[in-house]
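Each chain, written out:
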Amino acid sequence: MADIQKLEALVTQVRRDILRQVHKVNSGHPGGSLGCAEFFVALFQEIMDRKEGFDMDGLGEDIFFLSNGHISPVFYSVLARSGYFPVEELNTFRLLDSRLQGHPTTHEGLPGVRIASGSLGQGLSVALGAAEAKKLNGCGHKVYSLMGDGELQEGQNWEAIMYAAANHIDNVIATVDLNGQQIDGSTDDVLALGSMRAKFEAFGWIVLDIEKGNDMASVVQGLQEAKNLSGKGKPVCVLMHTIMGNGVDFMMHTHAWHGKAPNDEQLATGLAQNAETLGDY
Amino acid sequence: MKTYENTGNKDTRSGFGAGLEALGKTNENVVALCADLTGSLKMDAFKANHPERFFQVGIAEANMIGLAAGMTIGGKIPFTGTFANFSTGRVYDQIRQSVAYSGKNVKICASHAGLTLGEDGATHQILEDIGLMKMLPGMTVINTCDYNQTKAATIAIAAHKGPVYLRFGRPKVANFTPENQDFQIGKAVHLQEGNDVTIVATGHLVWEALEAAKTLHAEGISADVINIHTIKPLDEEAIIASVKKTGCIVTAEEHNFLGGLGESVARTLATSHPTPQEFVATQDTFGESGTPAQLMEKYGLNAAAIVKASKKAITRK
C-alpha cells in the first residue's frame, strides 16, 4: 500500500524546488510543472519498478519519457529527490555549463534522462520505439510517457497513436496532462482538442481518466489501474485532469504562469503555501 | 592511367538492400523501419528473413524517426528507409532533437536522392539533403557511388556508434568498385593519379569523374581523381595533399552547390590551402521531370560538365 501522506509530503517539497529553480534564473515553466508534481512523485516513488543507478538502455526496469520537456523543473526535482543526481545540482538549473538545461537533454549526461525533449510532439514516438525494443529484448517491464494536452496539436502524435494501436504496443502507458491551458490561452481558445477520450478510443487505445490529477491517492490509484490494464493487446492512455499552477494559489487556473518566473515576493508567497518537508537544496 | 571496369549496371539502393540482408544474418541488434517503400528501398529480403525485426510504420516519417530513436534505448541499431526527401527535409526537427542532439545510434538510409530519381519531378528530387544533414553536430554523412560500395557502407555503418545519414539513389549505374571492399568511414578513395587538376566527386558523379579523366587524358591533361564517399567527416588531408600537387580543384555532386560537398571542400581549402575551385552541382534550383540522363545533361552533372569545369579550373591557377 502506498503511504499517501509520505508522497504528499514529497510533493510540497517538489513544488518548492520548482519555484526556487525558476525564480533563481528568472525563467522556466512553473505552471505545468506544478500541475504534474503529484504525477511525477507517484510515478517515480510508487509506480515504476526502477533499478538502482542509471543506464541508458534501462533493461530490466520500467522507464519514462517526458515529451513536454518545458516542465523540466518538476522532472529535475523528482529525479534528484529519487537519487539520480545530487539535489544541490538543482541550483544549476538553466545556468551555463549545467547538466540541467532549460529543456531536458541526454547531451550533458544527466542521469535519468533518455531523450532530449522540448520541441513538442516527439516523445510518444520515442516511447513506442523503446517499448518495441523492450519486447524484442524479452524485457517485461513497461514504458511510461507524459505529454501535454496542447502538445497533442502536433501531428506526429497522431502518427504515433495510430501506430501503437495497429501494432498492439501494450507495454506503454501514455499519460496526457489535461490542464486545458497552453501559452496563448486555453486549449479551447487556441485550437480546441475536442474529446480526448473519443479520439484515443477511436484510435484503438484503452482510455482511463484520472479526474483528480492533483490528488495523490487518485493519481496512485489511477496509475496502478493503468498498469493493470496494460499487457492486454492495446496501448493504454491516461487522461489526467490537472490544474496548471496547482499548489500556489495565484498561479492556479490560468495560463499566465506557463512560462513565467515569480519575483521575490511571489516566491515567498508560494513557498509559504508549501511546507519544506525534506529540506531545501 | 588506371582503368576501371564496369561489371554491369546496378542500382545503389540494391546495394543497400544487400548490405541490410547481410547485417540481418550477422547482427541481431539490427532492426529496420520503413515508411511504405519497402520495395523501393530493397528491404524485402530483410523483411522476409527477419519479420520480427522489420517495422512497417506506414506513411508517417516523423513517427518513424522517433521510433528509431527509442529503439536505440535497449541496444537496437535501427536502419530507417525512405526516399531522401522524406528522410531529411520532412523530418528535420525529429532528426535534430530525437536523434542528433540526443546522440542516438540511428542509421538514416535514404534512396532516390538527387535528380536521378527522374520522372517523379522536383517534389521528390531533393538537392539539399547533404547540407541539411552535415549541419547537424555529430552526424556522419555518406554518399556512395555504386552497388558494391553501398553494400559495404551499409555493413560498415552498423559498427559505427552514432547517427549516420547514408545517401544513395534509384537508377542503375556503373558498378566498378571492388566487391566486399573494406569501407572506411571518413577515408577518401584515391582513384586516379594526376598532376594538372584534382577532381573530387561523390555519389553518382564518381563514375562520371572517371569518364571525365579519360577524356582529359586524351587531351593531355592528367587529373587526380578522388572518391569522397564520406562528406562528413571529410578527409581533408587527402584533398589538401592532392591540391598541393595539382593547384586547382573541381568538386562534383548530385546536389545543390549550396551546402554540399563543394562547400565543405571550399571551407577546408579556404582555411588551409586556398585553391581555385569549380563546382559541378545544381545551381540553387529545383529539378523537374525527365529521364535521369536528360536531367544530368540539362543540369550539368555529367562527365562533359566535369571536363569543362576542369579546364576552367586549370586556367585559374
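Residues numbered from 1 in each chain as written. Chains lettered and ligands numbered in written order. Predicted model: local features only at pLDDT ≥ 70, side-chain atom pairs only at ≥ 80, totals over all residues. Heavy atoms only, no water.

Q: If you had to explain the interface of chain A and chain B to someone new, which residues and values would you point to?
A: The partner chain B presents 28 residues to the 29 residues of chain A that form the contact. Of the roughly 2,200 Å² buried where chain A meets chain B, counting both sides, 55% is carbon and sulfur surface. Connecting chain A to chain B are zero salt bridges. Joining chain A to chain B, the criterion identifies 18 residue pairs in polar contact (both at pLDDT 80 or more). (Contact = heavy atoms within 4.5 Å. Buried area = accessible area lost by both parts, 1.4 Å probe. Salt bridge = Lys/Arg side-chain N within 4 Å of Asp/Glu carboxyl O. Polar contact = N/O pair within 3.5 Å; in protein donor to acceptor, adjacent residues only side chain to side chain.)

Q: Provide a residue-level description of the sheet that holds strand β12 (residues 230-232) of chain B, including the pertinent values.
A: Residues and elements named next belong to chain B. Strand order in the open sheet formed by seven strands is β3-β2-β4-β5-β7-β6-β12, and the pairing between neighbours is mixed. Looking at strand neighbours, the two that pair on one side only are β3 (54-56) and β12, the edges of this open sheet. Neighbour-to-neighbour, the strand axes of this sheet turn through a mean angle of 20 degrees, independent of strand direction. Where strand β4 (residues 77-83) lies against strand β5 (residues 107-111), five bridges are found, and the strand directions are parallel. (Pairing = 2+ DSSP bridges. Helix = DSSP H or I, 4+ residues; strand = E, 2+ residues; numbered from the N terminus. Axes fitted to C-alpha atoms, helices over the stretch in contact; angles between N-to-C directions.)

Q: How would you explain helix α3 (residues 61-71) of chain B if you had to name every residue and give the values?
A: In an α-helix, one turn spans 3.6 residues; hence positions three or four apart end up facing the same way. Of all 11 residues that make up α3 of chain B, 11 are buried, and the element is covered over most of its length. Of the positions making up α3 of chain B, those classed as buried are E61, A62, N63, M64, I65, G66, L67, A68, A69, G70 and M71 of chain B. (Buried < 20%, exposed > 50% of the residue type's maximum accessible area, 1.4 Å probe, protein only.)

Q: Please provide a residue-by-residue account of the domain arrangement of chain B, values included.
A: Residue and element names in this part refer to chain B. Under the domain assignment, chain B is made up of domain 1 (10-173) and domain 2 (189-315). On a C-alpha basis, the centroid separation for the pair domain 1 and domain 2 is 25 Å. Of the residues lining the interface, 32 residues belong to domain 1; the matching set on domain 2 comes to 32 residues. Considering only the side of domain 1, the residues that lose the most area to domain 2 are L115, L127 and K134, jointly responsible for 28% of the buried surface there. Put simply, domain 1 and domain 2 have zero salt bridges between them. Counting residues per element, the ones that place at least two in the side of domain 1 that touches domain 2 are α6 (129-134) and β6 (140-143). (Domains from an automatic or database assignment.)

Q: So what's going on with the UniProt feature "domain: Transketolase-like pyrimidine-binding" (unreviewed entry) in chain B? Which residues, and what values?
A: Taking the UniProt record as the reference, the feature "domain: Transketolase-like pyrimidine-binding" (unreviewed entry) is found at residues 10-175 of chain B. Annotated as 39% helix and 19% strand, the span residues 10-175 of chain B places its first and last C-alpha atoms 6 Å apart. (UniProt positions renumbered as here; feature names shortened; annotations may be inferred.)

Q: So what's going on with the pattern of salt bridges? Which residues, and what values?
A: Applying the stated criterion across every chain yields a total of 24 salt bridges over all chains. Among the ionic pairs, E278 of chain B bridges to K312 of chain B, the shortest N-O distance being 3.8 Å. Of this pair, E278 of chain B sits in strand β14 (residues 277-282) while K312 of chain B sits in helix α12 (residues 303-315), and the two are 34 residues apart along the sequence. Its relative accessible area of 13% is what places E278 of chain B among the buried residues. In the salt-bridge network here, residues are joined through shared partners; they are R16, E276 and D280 of chain A.

Q: Which residues make up the packing of aromatic side chains, and what are the values?
A: Taken as a whole and judged by the stated rule, the model has 18 aromatic pairs over all chains. Their ring planes at 75 degrees and their centres at 5.6 Å tell us that F64 of chain A and F75 of chain A sit as a pair that is edge-to-face. Of this pair, F64 of chain A sits in strand β1 (residues 63-66) while F75 of chain A sits in helix α4 (residues 72-81), placing them 11 residues apart in sequence. Relative accessible area serves as the criterion here: at 3%, F64 of chain A is assigned to the buried category. Judged by centre distance (4.9 Å) and plane angle (25 degrees), the rings of F16 of chain B and F168 of chain B are stacked. Taken together, the positions of F16 of chain B in helix α1 (residues 12-26) and F168 of chain B in the loop between β7 (164-167) and β8 (172-173) put the pair 152 residues apart, joining distant regions of the chain. Since its relative accessible area comes to 0%, F16 of chain B is described here as buried. Classification of F168 of chain B by relative accessible area gives buried; the value is 2%. Grouped by ring-pair contacts, the aromatic residues F39, F40, F44, F54, F64, F75 and Y84 of chain A constitute a single cluster. Looking at R20 of chain A, its charged tip hangs above the ring of Y281 of chain A, at a distance of 4.3 Å from the centre. Residue placement shows K10 of chain B over the ring face of Y147 of chain B; its charged tip is 3.8 Å from the ring centre. (Phe/Tyr/Trp six-rings, centres within 6.5 Å; stacked < 30°, edge-to-face > 60°. Lys NZ or Arg CZ within 6 Å of the ring centre and 35° of its normal.)

Q: Let's hear about the sheet that holds strand β2 (residues 143-148) of chain A: which residues, and what values?
A: Residue and element names in this part refer to chain A. Taken in spatial order, the five strands of this open sheet run β1-β2-β3-β7-β6, and their pairing is parallel. The open sheet terminates on both sides in strands that have one partner only, identified here as β1 and β6 (206-210). The average undirected angle you get between the axes of adjacent strands in this sheet is 20 degrees. Pairing between β6 and strand β7 (residues 236-241): five bridges, direction parallel. Each residue of the ladder has a partner; that of D209, found in β7, is L239. Across the sheet, helix α9 (residues 216-229) is in contact with β2, β3 (172-178), β6 and β7; its angle to β6 comes to roughly 170 degrees.

Q: Hey, could you go over the nonpolar core for me, with residue numbers and the actual values?
A: In this structure, F65, L128, F200 and W205 of chain A together with L33, I95 and I228 of chain B are the most contacted members of the largest nonpolar core, which totals 72 residues. If you tally residues by element for this core, the top one is α3 of chain B, at seven residues. Taken domain by domain, this core gets at least three of its residues from each of domain 1 (10-173) and domain 2 (189-315) of chain B. Core analysis: the next-biggest nonpolar cluster, separate from the first, contains 58 residues, A2, L110, I173 and A226 of chain A among them. (Core = buried A, V, L, I, M, F, W, Y, C linked by side-chain atoms within 4.5 Å.)

Q: Kindly report on the UniProt feature "domain: Transketolase N-terminal" (unreviewed entry) in chain A, identifying the contributing residues and their values.
A: UniProt's entry tags residues 10-268 of chain A with the feature "domain: Transketolase N-terminal" (unreviewed entry), counted in the numbering of this structure. Segment residues 10-268 of chain A splits into 38% helix and 12% strand. End C-alpha atoms: 19 Å apart.

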